[in-house]
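# Chain and residue survey
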Amino acid sequence: ARELYEKVLALSPRFAPAANNLAWILSEHGGDKDKALALAQTAKELAPEDPQVSDTLGWIFYRRGVHQRALALLKDSAAKLPGNPQIQYHLGMVSAQVGDKEAARQALSLAAAARTPFPGQERPGRPSPRSGNARGTIRVWGGPVATFCRKSAAACLSRLAHPFASVLRLPLSP
C-alpha cells in the first residue's frame, strides 16, 4: 500500500486521501516520522473538515508529545465520528496525557466496548506478542498500556503497573 500511495502522490501531490493514508502508514509502520507529519499537515490543509485526517494528524502530534494540538484535533474528529473506536482510543489516550481523567475514562470505555477490532486493540482470544494476554488489549505506541477484559476489567486493571491504570477505574463498559 505504501508504494501505491507514493505513486499516487507522485502523480497528484495534493490528493488528500493518499497523503493522509501514507502519513498513517509511515507513522504506524516504521517510516519517516517527519515525512508522516508533513503529509498529515498537507492532508489537513486540503481536507480541513475530514475527521479521518484530523485523527491522523492528532495521533501523530500525540506521539510527538504535542498533546494540546493533538487534543483539539482528536476532539473534533471524535465529535464527527463518535462511533469510531480507534478515534475514541486516540482521544482517550491524549485526554489521559493532559490530565483529563473523566474524558479519558469515557473515550477509552467507548473504545474498549467496541465489537470491531481496531489498531491498538488486540483481538480477544489471541495473545498479544508483547503482553502475553489472551484477552482484549489496548496499547499505546511502544508498549502495553491497559488491558481491557470485557468481563473482568477490575482483575485486569489490578495487575497493571502503568500510570494510566488510575485513569481507567471501573466500570469500563456502559
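You'll find the structure just up there.
Throughout what follows, the structure given in this document is the object of discussion. Since the model is a prediction, treat every value here as computed from it, not as a measurement.

## Remarks on the overall build of the protein
Secondary structure summary: the protein contains eight helices and three strands in total. Sequence-ordered secondary structure for the protein, helices as α and strands as β, is α-α-α-α-α-α-α-β-β-β-α. A burial count over the protein gives 46% of its 174 residues as buried. Long-range pairs, those at least 24 residues apart, make up 41% of the contacts in the protein between residues at least 6 apart in sequence. Summed over its atoms, the accessible surface of the protein is roughly 9,000 Å², and 55% of this surface lies on carbon and sulfur atoms.

## Remarks on the nonpolar core
Nonpolar side chains in soluble globular proteins tend to end up buried together. Counting residues in hydrophobic clusters, the biggest one holds 34 residues, and the most contacted among them are Leu39 and Tyr89. Within the residue set of this core, elements represented by two or more residues are α2 (16–28), α3 (33–46), α4 (51–64), α5 (67–80), α6 (85–97) and α7 (101–112). Counting residues per element, this core draws most heavily on α2, at seven residues.

## A look at α4
Side chains three or four residues apart in an α-helix point the same way, a direct result of the helix having 3.6 residues per turn. With 14 residues, α4 ought to run about 20 Å at 1.5 Å a step, and its terminal C-alpha atoms sit 20 Å apart, in line with that. Among the 14 residues of α4, twelve are classified as buried, and the element is accordingly described as predominantly covered. Of the positions making up α4, those classed as buried are Pro51, Val53, Ser54, Asp55, Thr56, Leu57, Gly58, Trp59, Ile60, Phe61, Tyr62 and Arg63. In this structure Asp50 caps α4, since a side-chain oxygen of it lies 2.8 Å from the backbone nitrogen of Gln52.

## Comments concerning the packing of aromatic side chains
Applying the stated criterion to the full structure yields two aromatic pairs. Ring geometry for Trp59 and Tyr62: centres 4.6 Å apart, planes at 20 degrees, overall stacked. Here the residue Trp59 and the residue Tyr62 both occupy positions in helix α4, the gap between them amounting to three residues, near one helical turn. The two residues Trp59 and Tyr62 agree in class, both being buried. Ring geometry for Trp59 versus Tyr89: centroids 5.7 Å apart, planes at 45 degrees, classification tilted.

## Concerning the environment of Glu3
One can find Glu3 in helix α1 (residues 2–11). Relative accessible area serves as the criterion here: at 52%, Glu3 is assigned to the exposed category. Through-space distance from the C-alpha of Glu3 to that of Leu22 is 9.0 Å; in sequence the pair is 19 residues apart.

## Comments concerning α6
Taking 1.5 Å per residue as the helical rise, α6 with its 13 residues ought to reach 18 Å, and the 18 Å between its terminal C-alpha atoms agrees with that figure. By the criterion of burial, α6 is predominantly enclosed, with twelve of the 13 residues buried. Listed as buried for α6 are Pro85, Gln86, Ile87, Gln88, Tyr89, His90, Leu91, Gly92, Met93, Val94, Ser95 and Ala96. With a side-chain oxygen positioned 3.0 Å from the backbone nitrogen of Gln86, the residue opening α6 is Asn84.

## Overview of the environment of Leu46
With respect to the secondary-structure elements, Leu46 resides in helix α3. Given a relative accessible area of 29%, Leu46 falls into the partly exposed group. Expressed as a C-alpha distance, the spacing of Leu46 and Ala16, which sit 30 residues apart in the sequence, is 5.9 Å. Non-local contacts of Leu46, meaning those with residues more than four positions away in its chain, are made with Arg14, Phe15 and Ala16.

Cut-offs and rules
Residues numbered from 1 in each chain as written. Predicted model: local features only at pLDDT ≥ 70, side-chain atom pairs only at ≥ 80, totals over all residues. Heavy atoms only, no water. Helix = DSSP H or I, 4+ residues; strand = E, 2+ residues; numbered from the N terminus. Buried < 20%, exposed > 50% of the residue type's maximum accessible area, 1.4 Å probe, protein only. Contact = heavy atoms within 4.5 Å. Areas by Shrake-Rupley, 256 points an atom, 1.4 Å probe, with all protein chains shown as cover. Core = buried A, V, L, I, M, F, W, Y, C linked by side-chain atoms within 4.5 Å. Expected span 1.5 Å × (residues − 1). Polar contact = N/O pair within 3.5 Å; in protein donor to acceptor, adjacent residues only side chain to side chain. Phe/Tyr/Trp six-rings, centres within 6.5 Å; stacked < 30°, edge-to-face > 60°.

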